[in-house]
Every structure is written in C-alpha cells, then in structure tokens.
Amino acid sequence: MDRPLTVFRRHEEQLYLGAAGLVIAVAALLPLLVLCGQLVSSTAPASGPAATLASARIWLLLARSLGVAAAVTALALGVGVPLGFIFARTDAPGRWVAFALHAFPMFLPPFLLALGWFHWFGRQGLLGSETSSRALFSAGGLIAILVATFTPIVTSLAALALSAIDPALEEAARVVARPWRVATHISLGAIRPALALAALIVFALSLSELGVPTFLRVDLYPSAVFARLGGVDYAPGEAVALVLPLLGLALILLVAERRFVGARSFAVLGARAAERFTIPLGRWRVVGALAGLLAAVVGLAPLGALIGRAGLGGFSSVPAWMGGSLWNSLAEASLAASIMTALGIVVGRALARRRRAAAPLDALAMLAFVMPASVLGVGILATWNRSATAAIYGSLAIVVIGWTARYLIVSTRTIAIAVAQSPLHLEEAAAAVGSPFGRRLRRIVMPLHRRGIAAAWLLAFVFCLRDLETVVLFYPAGREPLTVRIFTLEANGPPAAVAALAALQIAVVAGVVAGAGVAQLAARTGPR
Amino acid sequence: MSVEISLQDVSLRIGQSEVIRGLSLTVAPGEVLALLGPSGSGKTTLLRLILGFVPPEAGSIRLGPDLVSADGRILRPPEERNLGIVFQDLALWPHLDVHGNLAFGLDARRVPAAERDRRIAEMLARVSLAGTERRYPGELSGGERQRVAIARALVLAPRALLVDEPLSNLDATLRRQLLELFRALLKERGMTAIFVTHDVREAALLSDRIALLERGRIVQSGTWNELRQKPGPLLSALLADLAWDAPS
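Residues numbered from 1 in each chain as written. Chains lettered and ligands numbered in written order. Predicted model: local features only at pLDDT ≥ 70, side-chain atom pairs only at ≥ 80, totals over all residues. Heavy atoms only, no water.

Chemist: What exactly am I supposed to notice about the overall build of chain B here?
Modeler: Looking only at helices and strands, one finds eight helices and eleven strands in chain B. Its C-alpha atoms give chain B a radius of gyration of 18 Å, near enough to 18 Å, the size a compact globule of 248 residues would have. Dimensions of chain B along its principal axes, counting C-alpha atoms only, are 50 × 45 × 30 Å. Looking at chain B residue by residue over its 248 residues, the buried ones come to 53%. For chain B, the accessible surface area stands at approximately 10700 Å², while carbon and sulfur atoms represent 48% of it. Looking at charge distribution, chain B has the averaged site of its 31 positive side-chain charges lying 2 Å from that of its 30 negative ones. (Helix = DSSP H or I, 4+ residues; strand = E, 2+ residues; numbered from the N terminus. Rg over C-alpha atoms; globule rule 2.2 N^0.38 Å. Buried < 20%, exposed > 50% of the residue type's maximum accessible area, 1.4 Å probe, protein only. Areas by Shrake-Rupley, 256 points an atom, 1.4 Å probe, with all protein chains shown as cover. Lys, Arg positive; Asp, Glu negative; His and termini not counted. Charge placed at Lys NZ, Arg CZ, Asp CG, Glu CD.)

Chemist: In this structure, what is going on with the overall build of chain A? I would like to understand it.
Modeler: Assigned secondary structure in chain A consists of 26 helices and zero strands. For 528 residues, the compact-globule formula gives about 24 Å, and the C-alpha radius of gyration of chain A, at 24 Å, lands near that figure. If you line up chain A on its principal axes, its C-alpha atoms span 75 × 65 × 45 Å. Here chain A holds 528 residues, and 55% of them are scored as buried. At a minimum sequence separation of 6, the contacts of chain A that also span at least 24 residues come to 82%. Here chain A contributes 42 positive and 22 negative side-chain charges, whose respective centroids are spaced 5 Å apart. (Contact = heavy atoms within 4.5 Å.)

Chemist: Is there a simple way to explain the packing of aromatic side chains in this structure?
Modeler: Any pair of aromatic rings gets described here by the distance separating the centres and the angle formed by the planes. Residue and element names in this part refer to chain A. Under the definition given, this model contains 13 aromatic pairs over all chains. Ring plane angle 70 degrees and centroid distance 5.3 Å describe the contact between tyrosine 16 and phenylalanine 437, whose orientation is recorded as edge-to-face. With tyrosine 16 in helix 2 (residues 12-41) and phenylalanine 437 in helix 23 (residues 437-448), this residue pair connects regions lying 421 residues apart in the sequence. Ring geometry for tyrosine 407 versus phenylalanine 463: centroids 5.4 Å apart, planes at 50 degrees, classification tilted. (Phe/Tyr/Trp six-rings, centres within 6.5 Å; stacked < 30°, edge-to-face > 60°.)

Chemist: How do you make sense of the interface of chain B and chain A when you look at a structure like this?
Modeler: Accessible area lost when the parts come together is the quantity often used to give the size of an interface. Listed by partner, the interface residues are 23 residues for chain B and 20 residues for chain A. Taking both partners together, chain B and chain A bury about 1800 Å²; carbon and sulfur atoms supply 63% of that area. Interface area lost by chain B to chain A is led by Glu79, His95 and Phe104 of chain B, which between them contribute 35%. Taken together, the connections running from chain B to chain A amount to four salt bridges. Between glutamate 79 of chain B and arginine 174 of chain A there is a salt bridge, with its nearest N and O atoms 2.6 Å apart. At the junction of chain B with chain A, the criterion picks out six residue pairs in polar contact (both at pLDDT 80 or more). Secondary structure elements with two or more residues in the side of chain B that touches chain A: helix 1 (43-51), strand 7 (83-86) and helix 2 (98-108) of chain B. Counting residues per element, the side of chain B that touches chain A draws most heavily on helix 2 of chain B, which supplies four residues. A breakdown of the residues in the side of chain B that touches chain A according to their chemical character gives 14 nonpolar, two polar and seven charged. (Buried area = accessible area lost by both parts, 1.4 Å probe. Salt bridge = Lys/Arg side-chain N within 4 Å of Asp/Glu carboxyl O. Polar contact = N/O pair within 3.5 Å; in protein donor to acceptor, adjacent residues only side chain to side chain. Nonpolar A, V, L, I, M, F, W, Y, C, P; charged D, E, K, R; others polar.)

Chemist: Would you mind showing me how to read the sheet that holds strand 4 (residues 58-63) of chain B here?
Modeler: Either a parallel or an antiparallel arrangement is found when strands of a sheet pair, and the pairing is made through backbone hydrogen bonds. Residue and element names in this part refer to chain B. Across the sheet, which stays open at both edges, the five strands sit in the order 2-1-4-5-6 with antiparallel pairing between neighbours. This sheet does not close on itself; its edge strands, each paired only once, are strand 2 (17-27) and strand 6 (73-74). Direction of pairing for strand 1 (residues 5-14) relative to strand 4: antiparallel, over a ladder of five bridges. Considered in strand 4, the bridge of glutamine 8 is made with serine 60. (Pairing = 2+ DSSP bridges.)

Chemist: How do you make sense of the pairing of strand 4 of chain B when you look at a structure like this?
Modeler: Residues and elements named next belong to chain B. Here strand 4 pairs with strand 5 (residues 66-70) via four bridges, running antiparallel. Within the sheet, the bridge partner assigned to serine 60 lies in strand 5 and is alanine 70. Between the end of strand 4 and the start of strand 5, which pair antiparallel, lie two residues, with glycine 64 showing a positive phi angle near 60 degrees.

Chemist: Just checking my understanding: could you explain unusual backbone geometry for this structure?
Modeler: Among all residues except glycine, the phi angle is most often negative; among peptide bonds, the trans geometry is most common. All names here are of chain B. Of note, the phi angle at asparagine 82 is positive, near 55 degrees, even though the residue is not glycine. Turning to its location among the elements, asparagine 82 is positioned in the loop between strand 6 and strand 7. If you check the backbone angles, alanine 91 has positive phi at about 55 degrees while not being a glycine. Note that alanine 91 resides in the loop between strand 7 and helix 2.

Chemist: What is the right way to look at the packing of helix 4 (residues 56-89) of chain A against helix 11 (residues 192-208) of chain A in this model?
Modeler: What describes two packed helices is the angle between their axes and the distance between those same axes. Residues and elements named next belong to chain A. The geometry of helix 4 relative to helix 11 is characterised by a closest axis approach of 8 Å and an angle of 140 degrees between their N-to-C directions. The angle between the axes of helix 4 and helix 11 places the two elements in the oblique class. The crossing of helix 4 and helix 11 is right-handed. Here Ser65, Leu66, Ala69, Ala70, Val72, Thr73, Ala76, Leu77 and Val81 of helix 4 lie close against helix 11, whose contacting residues are Leu195, Ala199, Val202, Phe203, Ser206 and Leu207. Broken down by class, the residue content of the contact of helix 4 with helix 11 amounts to twelve nonpolar, three polar and no charged. (Axes fitted to C-alpha atoms, helices over the stretch in contact; angles between N-to-C directions. Parallel < 35°, antiparallel > 145°, perpendicular 65-115°, else oblique. Left-handed = near helix turned anticlockwise from the far one by under 90°.)

Chemist: Teacher, can you tell me more about a nonpolar patch on the surface here?
Modeler: On the surface, Val286, Leu290, Leu293 and Val297 of chain A cluster together to form a nonpolar patch covering roughly 380 Å² of accessible area. Following the sequence through the fold, valine 286 of chain A ends up in helix 15 (residues 285-316). (Patch = residues over 30% accessible without salt bridge, like charges linked within 9 Å, V, L, I, M, F, W, Y side chains within 5 Å.)

Chemist: Teacher, can you tell me more about helix 18 (residues 358-370) of chain A here?
Modeler: All names here are of chain A. In a regular helix each residue adds 1.5 Å, so 13 residues correspond to 18 Å; helix 18 covers 18 Å between its end C-alpha atoms and thus fits that length. In terms of burial, helix 18 is largely enclosed, as eleven of its 13 residues are buried. All of the buried residues in helix 18 are Ala358, Leu361, Asp362, Ala363, Leu364, Ala365, Met366, Leu367, Ala368, Phe369 and Val370. (Expected span 1.5 Å × (residues − 1).)

Chemist: Hey, could you run me through the environment of valine 19 of chain B in this one?
Modeler: Checked against the element boundaries, valine 19 of chain B lands in strand 2. Look past the residues within four positions of valine 19 of chain B in its chain and what remains in contact with it is Leu12, Arg13, Ile14, Ser41, Gly42, Thr45, Arg215 and Gly216 of chain B.

Chemist: Would you mind going over the environment of glycine 40 of chain B with me for this structure?
Modeler: On the secondary structure map, glycine 40 of chain B appears in the loop between strand 3 (32-36) and helix 1. Between the alpha carbons of glycine 40 of chain B and lysine 230 of chain B there is a distance of 24 Å; along the sequence they are 190 residues apart.

Chemist: I tried to follow the pattern of salt bridges on my own but got confused; where do I start?
Modeler: Opposite charge on two side chains allows them to pair when their charged atoms are near. Residue and element names in this part refer to chain A. The final tally for this structure, using the stated rule, is 36 salt bridges over all chains. Ionic pairing is found between arginine 258 and glutamate 257, a salt bridge with its closest N-O pair at 2.9 Å. The exposure class assigned to glutamate 257 is buried, which follows from its relative accessible area of 0%. Glutamate 427 is paired through a salt bridge with arginine 349; the nearest N and O atoms lie 2.8 Å apart. Note that glutamate 427 is positioned in helix 22 (residues 425-432) and arginine 349 in helix 17 (residues 325-352), a separation of 78 residues in sequence. For glutamate 427, a relative accessible area of 6% puts it in the buried group. Salt bridges sharing partners connect three or more residues here, namely Glu13, Arg349, Arg353, Arg355 and Glu427.

Chemist: Can you walk me through the domain arrangement of chain A in this structure?
Modeler: Residues and elements named next belong to chain A. Here the domain parsing of chain A yields domain 1 (13-43 + 317-528) and domain 2 (57-311). Each of domain 1 and domain 2 has a C-alpha centre, and the two are 21 Å apart. Contact with domain 1, which involves 51 residues of that partner, is made by 50 residues of domain 2. Summed over both partners, the interface of domain 1 with domain 2 comes to about 4300 Å²; 79% of that surface belongs to carbon and sulfur atoms. (Domains from an automatic or database assignment.)

Chemist: Whenever I open this one, the confidence of the model for chain A confuses me. Can you help?
Modeler: In low-pLDDT regions, the fine details of the predicted coordinates are not to be read closely. Residue and element names in this part refer to chain A. Confidence in the prediction for chain A averages 85 pLDDT; 91% of positions are at 70 or higher. For chain A, helix 1 (residues 3-10) is the element with the lowest average pLDDT, namely 63, and helix 17 is the one with the highest, namely 94. The low-confidence segment residues 266-274, where pLDDT is below 50, has 22 contacts with residues more than four positions distant or belonging to other chains. (pLDDT = per-residue confidence, 0-100.)

Now the structure itself:
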C-alpha cells in the first residue's frame with residue numbers, strides 16, 4: 001500500500017529538481033532549440049542566414065556593439081571598484097547614504113535615465129546647448145549614460161564582496177604591509193570572482209541594451225534585430241538569422257562565467273565577517289566624501305530632471321496615459337518573481353549543496369541571462385507565436401515566461417548564496433529523524449533562509465519591473481508593462497506626460513526598495 | 001633578533017564587557033610562553049592587542065624598548081612591529097599560490113627578488129614543502145596548509161612569533177608532528193613566542209612557561225613542573241576536563 005509513497009520519497013529531491021528543470025527547459029531552452037531549428041532549416045541561399053549575414057553592415061554593427069559593451073564594462077569597473085572600496089571599507093563621512101543614492105538607479109530601466117539626462121543636456125535641457133546635445137546623441141553620450149547606469153552594479157558587488165571577506169585574511173597582511181598595499185593586493189585579489197561577475201553582468205546588459213541606443217539614435221546590433229521584428233525593416237526571417245552571431249557570443253560569455261566565477265560567487269562568508277577593518281582616510285576623508293557625493297549626484301540628477309520636467313500638468317495626465325500598464329507591470333512581475341523564487345528555492349539550494357543535477361540548470365539559467373535579450377525574445381516569438389499556443393502568446397503568461405527565463409539566475413544565485421552560509425548538518429539532522437525532502441524544504445530550508453528568499457523575490461521583482469529589452473519583442477497587445485508604455489510613448493507622446501510616467505516608475509521602484517529596506521531593518525532589530 | 005614583549009596594566013573593554021582587566025605580562029627574549037585558558041578568556045584579544053589591531057583602553061605594551069601601544073593609542077601600526085602571526089584559521093590568501101603567500105610580506109619590505117626567492121625556497125625546504133611553490137591553498141592538504149602558514153610567518157624573520165590555536169582542528173598524529181616542528185623552529189631561531197591554546201598538553205609540550213588566563217586576567221603562571229606541583233582551580237578544571245595523565 002505504501003510502496004509508491006516510499007519510492008516517491010526516496011527520489012523526492014530528484015523529482016523536485018526534475019520538475020524545476022522541466023519548467024526551466026520550457027522557459028529558457030525550448031526557445032533556443034526552436035531558434036536553432038529555424039536557423040538550420042532556413043537554407044535558401046537568397047533569404048537564408050548566410051545571405052543576411054553576408055552584409056558587411058551587420059558585422060560593423062556587431063563590432064560597434066561589442067566595442068560599446070567593452071568600453072562600458074571597463075569604465076564601470078574603473079569607477080565602481082574604487083567607489084565600492086570607499087563605501088565598504090573607509091571612514092568617508094556619509095558613505096552609506098551616498099551608496100544608497102548611487103545604487104538606486106540600477107533598479108531603473110536605463111532609458112529612463114537617458115531621458116533624464118536628455119532633460120539636462122538636450123538642446124532645450126536645463127543645461128543644454130547645441131554642443132551638449134550633439135555630445136549626448138553620440139556613441140560617447142551612449143557610453144557615458146550606460147556607465148552611469150551600470151556602475152552601481154560594480155560598486156554594489158564590490159562593496160558586498162569586500163564586506164564578506166574573512167577579516168583574518170586582511171589582518172594577516174596588515175602585520176607585514178600598509179593598509180593601501182593590503183587593499184590592492186589582498187582585498188581586491190580576494191574579491192576577483194565578484195569583480196568578474198560584475199564585469200560579465202555589465203557587459204551582457206550593455207550588449208542587450210535597446211532603449212538607450214534607440215533613444216539616442218545610435219545604431220547598434222539589438223536595434224537592427226528589433227527593427228526587423230516591429231519596425232520599418234520588418235523581416236522576421238532576417239531577425240532569426242541575426243541572432244546567430246549573438247548565440248555564439250552568449251556561449252563564450254557562459255564559458256567565461258564558468259571559468260572565472262562559477263560556484264565562487266556564492267562562497268561561504270568568513271566566520272568573523274562582521275569584524276572587518278576600516279581604512280582611515282585621514283586628510284583624504286574630504287576626497288572620499290566628495291567622491292561619494294559626486295556618485296550620489298550622478299545617480300539622482302536624471303531622476304530630478306524627470307520629476308521637474310513632469311510638473312503638475314504631467315502628473316495630472318498620468319491616469320489618462322498610463323492605461324493599465326502599471327497594473328500589468330505589477331501583476332506580471334509579481335507572478336514571474338514568485339515562480340522564479342519557487343524555482344530558485346529548489347535549484348539554488350541544490351546548487352549550494354553541490355548537487356550534480358543543479359549545475360546544468362544553473363548553466364542554462366546563466367546562458368539565458370548573459371545572452372543578448374534579442375536572442376531570447378526572437379526565440380520566444382518563434383516558439384509561442386503559433387495558433388496552437390495563441391492563448392499563451394496573447395496573455396500575460398508570455399511575459400511571465402520571458403522574464404522567468406531571463407532573470408531566473410537572479411533568484412537562483414541569491415538563494416544559493418543564502419543556503420551556502422548554513423551548514424548542511426541542519427538539513428541532515430532533519431533527514432536523520434525521517435523528514436522527507438519536501439518537508440525539509442518547507443520546515444528547515446525555507447524558514448532558515450527566509451530573508452535570502454525574500455531578497456531573491458524582491459530582486460527578481462525589481463529586475464522584471466525594469467525590463468524593457470526582453471519584453472518589448474513579444475508583449476501582448478493591451479498587456480504592455482509600464483516600461484514598454486513609456487518607451488513607445490517617448491517618440492510621440494507629450495514630454496511632460498512621458499516624464500511623469502517615468503517618475504511614476506521611479507516612485508514604484510523606490511517604494512518597493514524602501515519597503516524592503518524597512519522590513520530588513522525591522523527583522524534585524526525585532527525579536528528573532 | 002628576538003625581543004622582549006611586555007604588557008603593563010593593560011585593560012580593554014568591548015561593548016559592555018571588560019575583556020582584558022589590568023593585565024601585566026612579560027615574555028623574555030627567546031622564551032616560549034603558552035597562554036592557556038578556556039574559550040572566551042581573552043586569549044585571542046590579547047594577541048590582537050600585541051599585534052596592534054586594537055589599542056588598549058589603559059596600560060601600555062612594549063616590544064623591547066619600543067613603546068608600541070599606550071592608553072587608547074596605537075603608537076606603531078601592525079606592519080611596523082615586525083611580528084609573525086599564525087592564525088587559528090590560518091588565513092592563507094586563497095587567490096595567491098604558496099610562493100605568493102610567502103612573497104607578499106617580503107615584497108612589502110622591498111626585499112630584492114633574488115634574495116626573496118632564495119629565502120622562500122629555504123623556508124619551504126625547512127618545513128618540507130619544497131616544490132609546492134605554484135600550488136594554491138585550496139590544492140593543499142590540511143597539514144600542508146598549516147606548514148605554509150608557519151613558513152609565511154617565519155620567512156620574514158620576525159622579532160617574535162604569535163600563534164593562535166592553529167592545531168585545534170587537526171588529528172592527534174598531525175598535531176604532534178606540527179608541535180615538534182614548531183618546537184624545533186622556535187628553538188633553532190631562539191625566538192620569542194606566545195602560543196595560545198586551550199589544550200594543556202600542547203602548552204606543556206611546547207612552552208618554557210605557561211600563563212593561565214581567566215576572564216581577562218592572568219590567574220597563575222610558571223613552568224609546567226611548577227604549575228603541576230600546585231595546580232590552581234583553573235588548571236585543575238582544565239586537567240579534569242581532559243581526564244589525561246600529565247607528562248612528567
């Protein structure tokens with residue numbers, strides 16, 4: 001009678017992982033397979049991939065996109081690492097406030113920041129002139145805006161990693177070397193995996209970015225793909241061909257991630273991570289404070305310009321222009337974040353516990369994140385845009401699938417980091433008293449790591465809220481999220497209304513992040 | 001060159017708790033002192049005071065004639081004290097190979113490359129680790145990592161060596177081998193050393209003198225033979241915990 005139950009329980013962990021793997025495969029792998037199938041079957045020489053890719057302009061665009069992504073990555077590292085150091089390890093006054101203000105824009109769609117900078121430096125901007133406008137609408141302007149947008153990712157990862165170093169590693173060096181040498185040779189060396197991860201994320205996001213180059217009219221590769229799916233150059237077959245080089249690029253990025261980051265991104269913190277030493281800046285404290293202030297100003301300036309441009313008139317027109325887009329954003333992002341968190345609990349825990357089956361799922365999720373969003377977007381179109389799946393393609397489910405595929409790695413890795421901090425014995429003790437896997441997951445793993453799980457949900461939610469480049473290729477009519485609404489209105493809508501919608505997006509994200517901060521503070525200070 | 005370590009009326013409070021309370025202690029040049037005490041007695045904090053990671057709230061610390069910390073101030077930062085340290089968790093830098101771990105301090109002191117490499121090779125040979133220069137800490141066994149940590153501390157020829165329970169997680173055989181290595185290295189260099197432990201056996205085997213620390217104060221000190229003649233309450237408790245026959 002209880003035999004099937006026994007068999008089920010014996011393989012419960014594998015079954016959970018298998019179910020999670022199935023969902024991930026449908027969301028992330030299936031679009032890639034369908035895409036590859038279409039590429040292989042398009043063999044007609046006149047219209048096939050070879051014909052499309054024979055154009056020199058295509059390769060020039062790709063080279064330019066790679067150049068922009070490389071420049072943004074290098075500059076973001078050059079600015080973000082020293083800032084991370086100032087915020088995490090020095091006694092610069094006001095560093096935590098400056099860090100929060102500097103980091104906030106990374107939770108916003110980059111093209112909103114471009115819009116904000118436009119209100120400063122566009123021809124009719126607050127500080128605008130013909131010259132500043134020309135500089136803004138150029139490759140240099142694009143790089144500058146992307147650096148300002150993505151540097152907080154480097155800063156945050158560097159600061160987090162510096163805060164997590166076992167202080168004994170630095171103390172052992174302090175016995176023989178001055179603080180500056182310890183910082184450059186030991187601290188920075190020890191956080192190399194975090195810096196590699198930051199570089200990879202910034203490179204992948206820069207390469208995928210569609211909104212900012214479109215707004216600044218800088219021709220890049222993602223714009224070429226987008227134009228063939230919804231613009232004047234409509235030619236879906238060519239779009240499929242165009243993603244071929246990006247697929248190869250995504251695989252190279254995945255190999256780089258496995259080589260330089262891999263499991264090291266969720267290494268266990270040192271036991272005395274709270275006792276880290278602070279570098280006294282002495283007379284350089286003013287310089288440290290000014291650097292923090294400048295970083296905060298760069299983060300806030302475009303947001304201030306948007307709010308200023310919106311004015312009362314803009315804000316009063318928000319209900320008319322917004323439609324259902326805000327509710328679409330919130331509903332779709334909540335649902336996608338919940339699914340990603342559920343998958344993250346199973347896969348992230350397995351990853352932290354070095355289960356063999358977790359590695360390919362993690363690799364697939366990483367591939368979906370580092371590949372340019374247009375590849376995933378075109379794959380999802382090719383997979384789901386058919387009569388048999390019209391019910392899915394025409395509903396918010398398609399947005400949820402797209403976001404789950406793209407951002408699953410965020411929740412998986414966040415939960416893996418949390419689980420890796422606790423000893424395996426806690427789960428083994430539950431197993432020893434006969435608790436099956438599912439119950440251990442619910443009664444031990446989830447309560448123990450509730451903060452990590454909440455953080456994973458929140459991060460996934462915010463990543464979905466800020467997304468434009470994935471969803472813009474396949475959002476269902478009438479179900480567009482707020483970012484898409486702003487992007488499509490930006491070309492022809494009244495500037496005050498567009499700025500007000502952008503301010504609304506900023507307010508929503510600020511509310512979510514502030515709420516999470518308050519909850520985290522309450523959890524720390526409240527009864528345990 | 002070995003140096004005398006001297007602490008005079010040193011006190012330190014962390015938060016509300018007084019971790020070190022009016023402690024005075026002198027370790028003579030070339031002497032090996034075992035600092036013995038239960039967990040939370042302030043042993044590691046005392047090492048951090050001597051190393052210069054925290055200033056004493058009151059009292060003074062001297063290395064030879066140099067006043068290095070006094071009354072809430074660090075007068076000489078850690079890197080200018082020329083002390084060697086072996087941490088409890090070893091603290092080998094995971095991103096540097098064995099050579100890199102040993103070279104870091106020598107480079108910081110601008111030792112010429114040829115001289116640096118010669119000293120590293122000699123030190124590694126001395127701890128039976130020749131040929132491991134290009135291996136990373138993660139690729140070494142537990143015993144090898146312990147020996148790299150010892151070599152890293154000694155390659156700089158420090159004025160004194162501080163050792164913070166580095167053998168606590170090892171099996172009995174490895175612990176005995178490393179104790180013998182420590183003893184040999186300290187004796188051949190005539191080096192002043194403070195060896196922190198909560199294990200009476202280690203203290204008895206390695207040290208010239210033992211100081212018993214309880215709640216931030218030295219409650220008894222002397223050679224092993226002196227202490228075992230007249231064990232105080234703390235030593236009796238530690239021996240009872242061990243249920244162990246003391247060496248004669």
